[in-house]
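# A structural walkthrough
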Amino acid sequence: MSVVVAVSVGLMIGVAAHPVAPVDVAWNKGSGTAQMRKGLPNPPGWYQAAVGPRSTEKVLYLTFDDGPSPHTPRLLRILAKHDVHATFFVTGGAATSNPWLVRTIHRQGHAIGNHTWNHPRLTQFSTERVRSELVRTRKAVGPAMAQCMRPPYGMVNERVARTSIAAGFQPVLWTAHIEDWAPHSLAWTAKRLRSDTRPGAVILMHDTHSQTVDAVQRMLPQWVKQGYRFAPVPVCD
Ligand SMILES: [Zn+2]
């Protein structure tokens with residue numbers, strides 16, 4: 001059973017220059033770690049809202065969560081070498097600790113999305129706390145912040161999504177998650193990336209792990225050879 005949540009620009013509060021386009025989010029009940037493990041985050045409508053219609057175009061949306069971290073500068077050098085633009089979902093806490101990295105990410109043409117201040121399970125928060133996590137993070141990042149957010153752990157329900165959209169941030173989930181928070185080998189991580197590669201994939205990684213940076217370094221030439229191009233998630237761009 002699903003419902004459709006239509007949130008229009010008219011509902012938005014406190015977003016000035018570039019209002020988020022109206023979106024329809026077809027909603028399934030709940031979300032969370034079970035879906036995350038299966039790589040099937042809800043709601044199914046998020047992809048259309050964040051990326052657009054499914055297509056067979058060979059484009060990959062690389063996304064890096066939880067940073068910036070001490071591993072981010074090396075990742076940025078690798079991405080720049082291949083002229084790749086990605087999306088970084090930063091936390092307010094990490095952004096405040098690494099303001100120069102936030103500036104560098106932005107200057108190199110990547111999109112910066114909102115990953116909350118403190119990485120909580122938003123579904124357990126009041127509407128006001130959800131909103132303040134997002135607004136506080138936007139204040140820390142400043143105008144470089146795009147109008148998209150990724151809910152920590154993929155935990156999003158209809159209320160969290162509506163609150164996020166009203167605060168100016170479209171939820172962005174993923175089609176592939178390489179589970180790089182665990183200490184896997186480079187070979188394992190690269191293999192996961194290889195098997196998750198398909199046209200239009202939104203790939204969740206973390207720029208807080210050196211093996212992730214190694215795996216991206218290994219995979220980029222292979223992806224390029226296969227004819228893939230790279231872009232920030234469209235709604236974040
Ligand atoms: Zn995260």
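The preceding data block contains the structure.
Anyway, here's the lowdown on the structure attached to this text. What you are looking at is a predicted structure, and each value in this text was computed from that prediction instead of being measured. (Residues numbered from 1 in each chain as written. Predicted model: local features only at pLDDT ≥ 70, side-chain atom pairs only at ≥ 80, totals over all residues.)

Here we take up unusual backbone geometry. Cis rather than trans, the peptide bond between Gly-67 and Pro-68 has omega equal to 0°. Of note, the phi angle at Thr-116 is positive, near 70°, even though the residue is not glycine. Checked against the element boundaries, Thr-116 lands in the loop between β5 (111–114) and α6 (127–141). Take Thr-116: there are 26 C-beta atoms within 10 Å of it, and that puts it in the buried class. (Helix = DSSP H or I, 4+ residues; strand = E, 2+ residues; numbered from the N terminus. Buried ≥ 20, exposed ≤ 12 C-beta atoms within 10 Å, placed from the backbone.)

Extensive coverage of strand β3 (residues 59–65) is indicated by the burial of six of its seven residues. In the sheet, β3 pairs with strand β10 (residues 229–230) via two bridges, with the strands oriented parallel. Bridge assignment links Leu-60 to a residue of β10, and that residue is Phe-230. Here β3 runs beside strand β4 (residues 87–90); their pairing, made up of three bridges, is parallel. In the strand pairing of β4, Thr-63 is matched with Thr-87. Once you follow β3 into helix α3 (residues 72–81) and on to β4, the crossover reads as right-handed. (Pairing = 2+ DSSP bridges. Right-handed = clockwise from strand over helix to strand, strands pointing away.)

Let's shift gears to α3. The complete set of buried residues in α3 reads Thr-72, Leu-75, Leu-76 and Leu-79. Viewed along the axis of α3, the buried residues span an arc of 100°, placing them on a single side of the element. Among the exposed residues of α3, those oriented more than 90 degrees off its buried face are Arg-77 and Lys-81. Where α3 is buried, its residues meet β3, α5 (99–107) and α9 (210–225). (Arc of directions from axis to C-beta. Contact = placed C-beta atoms within 7 Å.)

In this section: the nonpolar core. Counting 58 residues, the largest nonpolar core has Ala-50, Val-90, Ile-112, Cys-148, Val-172, Ile-203 and Val-233 as the members making the most contacts within it. With sequence-adjacent residues up to four places away left out, Ala-50 is seen in contact with Cys-148, Gln-170, Val-172, Val-233 and Val-235. (Core = buried A, V, L, I, M, F, W, Y, C linked by C-beta atoms within 7 Å.)

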